[in-house]
Amino acid sequence: MKNEEVRITGNGAKGLSSTPLITLYTFTMSPYAQKVHCYLQYKGLPFRCFYINPLRLKKDLPVGTQVPALTVGDQSKTDSSAIGLWLDELFPDHARLLPKDPAQKEEVLKIDQWVTHRLIPGNFRFYPGVGFTPRRVLNGWRLGQILHKTSHGGIPLTLQVMWPLILSQLGFLKDMVEMSDQHVPLKQANTTLREEFLAHLGDGPFLGGMTQPSLADLSAYPHFVTPYVGGFRGAEGILEYPEIVAWLQRVRGFLNDTPPLMPAVALKREFPGDQKNTSTIRVLSV
Ligand SMILES: N[C@@H](CCC(=O)N[C@@H](CS)C(=O)NCC(=O)O)C(=O)O
């Protein structure tokens, strides 16, 4: 698929005339932008994605300096969790991201903060990390390749080759790695985060023991799904946690995957748990 064709993708849904035009400004692998993508899918709102070229980020954003940014009609907002709260205010008749009950709402917001400031930063050690291990270099190249395939205009080959080095120099990624348990070995840090996640899930079926998915589930879901389906090294560790895979499958049942969370050109693996035999993961040809 040519880059021009994936610059803006929409679901072509009916109802855009009655619902204001909604545009999500995103990068394919941004876990924060993907949070908002899932909020919109869960609320069943028609929207389109503008896959920003990271080399022209500030020029192409309607507001702010980071993705996600969301435009609803003539209003724009940044910051993933704040956008979630805003969507509930703007579209109260669509599925709610936050429960009405004050105690449950507080619990959901607390777990969302844990996802945003602890779970997601921990994952950034796979891409930029500290130092250059083979896995980080391969994941850096994979990210550069995906951004090239999905962002308008693409990324020159020389920069794609240098992508692991470029990532290691980005200020916001250094901040993310600082926020993670960077002095603990990566495998151990991942185990701790997955155990903390399971503690938040409790007896389920959704985070915080809720009976329906909430802002917290939709914030955490893409963090586990997209590095896996995108073919990133190390993401397959999720298959060692059948409770998390079962939760991912439950959340997926509430999402209308239009436009898809991952453009088809960025897919390398099937959804976690969809493989009949998880010991032989089928790699999709792209
Ligand atoms: N707290 C923000 C974080 C957003 C964020 O870190 N976005 C990254 C992409 S994952 C970005 O746009 N970085 C580019 C930069 O900071 O120059 C949110 O939750 O939306």
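Above: the structure in question.
From a predicted model like this one, the values you see are computed outputs, not experimental measurements. (Residues numbered from 1 in each chain as written. Predicted model: local features only at pLDDT ≥ 70, side-chain atom pairs only at ≥ 80, totals over all residues.)

## Remarks on the overall build of the protein
So, step 1. Helix and strand content of the protein: 12 helices and five strands.
So, step 2. The proportion of buried residues among the 286 residues of the protein is 39%.
So, step 3. Of all intrachain contacts in the protein linking residues separated by at least 6 positions in sequence, the fraction that spans at least 24 positions is 70%. (Helix = DSSP H or I, 4+ residues; strand = E, 2+ residues; numbered from the N terminus. Buried ≥ 20, exposed ≤ 12 C-beta atoms within 10 Å, placed from the backbone. Contact = placed C-beta atoms within 7 Å.)

## Some details on the packing of helix 5 (residues 102-123) against helix 10 (residues 186-201)
So, step 1. It is at 10 Å that the axes of helix 5 and helix 10 come closest, and there the two elements cross at 165 degrees. In terms of orientation, helix 5 lies roughly antiparallel with respect to helix 10. By crossing handedness, the relation of helix 5 to helix 10 is classed as left-handed. Here Ile111, Trp114, Leu119 and Gly122 of helix 5 lie close against helix 10, whose contacting residues are Ala189, Asn190, Leu193, Phe197 and His200.
So, step 2. For the contact of helix 5 with helix 10, the residue count by class is six nonpolar, three polar and no charged. (Axes fitted to C-alpha atoms, helices over the stretch in contact; angles between N-to-C directions. Parallel < 35°, antiparallel > 145°, perpendicular 65-115°, else oblique. Left-handed = near helix turned anticlockwise from the far one by under 90°. Nonpolar A, V, L, I, M, F, W, Y, C, P; charged D, E, K, R; others polar.)

## Observations regarding the nonpolar core
So, step 1. Formed by 57 residues in total, the largest nonpolar core has its most connected members in Leu24, Tyr39, Ala220 and Tyr221.
So, step 2. Ranked by residues supplied to this core, first place goes to helix 11 (residues 215-229) with nine residues.
So, step 3. Those residues in contact with Ala220 that sit more than four places away from it in its chain are Val115, Leu119, Phe197 and Leu207. (Core = buried A, V, L, I, M, F, W, Y, C linked by C-beta atoms within 7 Å.)

## Here's the deal with unusual backbone geometry
So, step 1. For the bond running from Gly204 to Pro205, omega is 5 degrees, close enough to zero to count as cis.
So, step 2. Looking at the element boundaries, Pro205 is found in the loop between helix 10 and helix 11.
So, step 3. At the junction of Thr258 and Pro259, the peptide bond is cis and its omega measures out at -5 degrees in the coordinates.
So, step 4. As for its placement among the helices and strands, Pro259 is situated in the segment after helix 12 (242-252).

## Some thoughts on the pairing of strand 4 (residues 69-72)
So, step 1. One ladder, built from four bridges, connects strand 2 (residues 22-26) with strand 4; its direction is antiparallel. Pairing of Ile22 across the sheet is with Val72, part of strand 4.
So, step 2. Pairing of strand 4 with strand 5 (residues 75-78), which is carried by four bridges, proceeds in the antiparallel orientation. Paired with Ala69 across the two strands is Thr78, which belongs to strand 5. (Pairing = 2+ DSSP bridges.)

## Some thoughts on the packing of helix 2 (residues 31-43) against helix 4 (residues 80-90)
So, step 1. Between helix 2 and helix 4, whose axes approach to 9 Å, the crossing angle comes to 15 degrees. In terms of axis orientation, helix 2 runs roughly parallel to helix 4. At the point where helix 2 passes helix 4, the crossing takes the right-handed sense. Residues Tyr32, Lys35, Val36, Tyr39 and Lys43 of helix 2 form the contact with helix 4, whose participating residues are Ser80, Ile83, Gly84 and Leu87.

## Things to note about the environment of Pro99
So, step 1. Mapped onto the secondary structure, Pro99 falls in the loop between helix 4 and helix 5.
So, step 2. Given 18 C-beta atoms within a 10 Å radius, Pro99 is considered partly exposed.
So, step 3. Spatially, the C-alpha atom of Pro99 lies 7.4 Å from that of Ser214, the residues being 115 residues apart in sequence.
So, step 4. If we skip the residues at most four places from it in the chain, Pro99 touches Gln104, Lys105, Val108, Met210 and Ser214.

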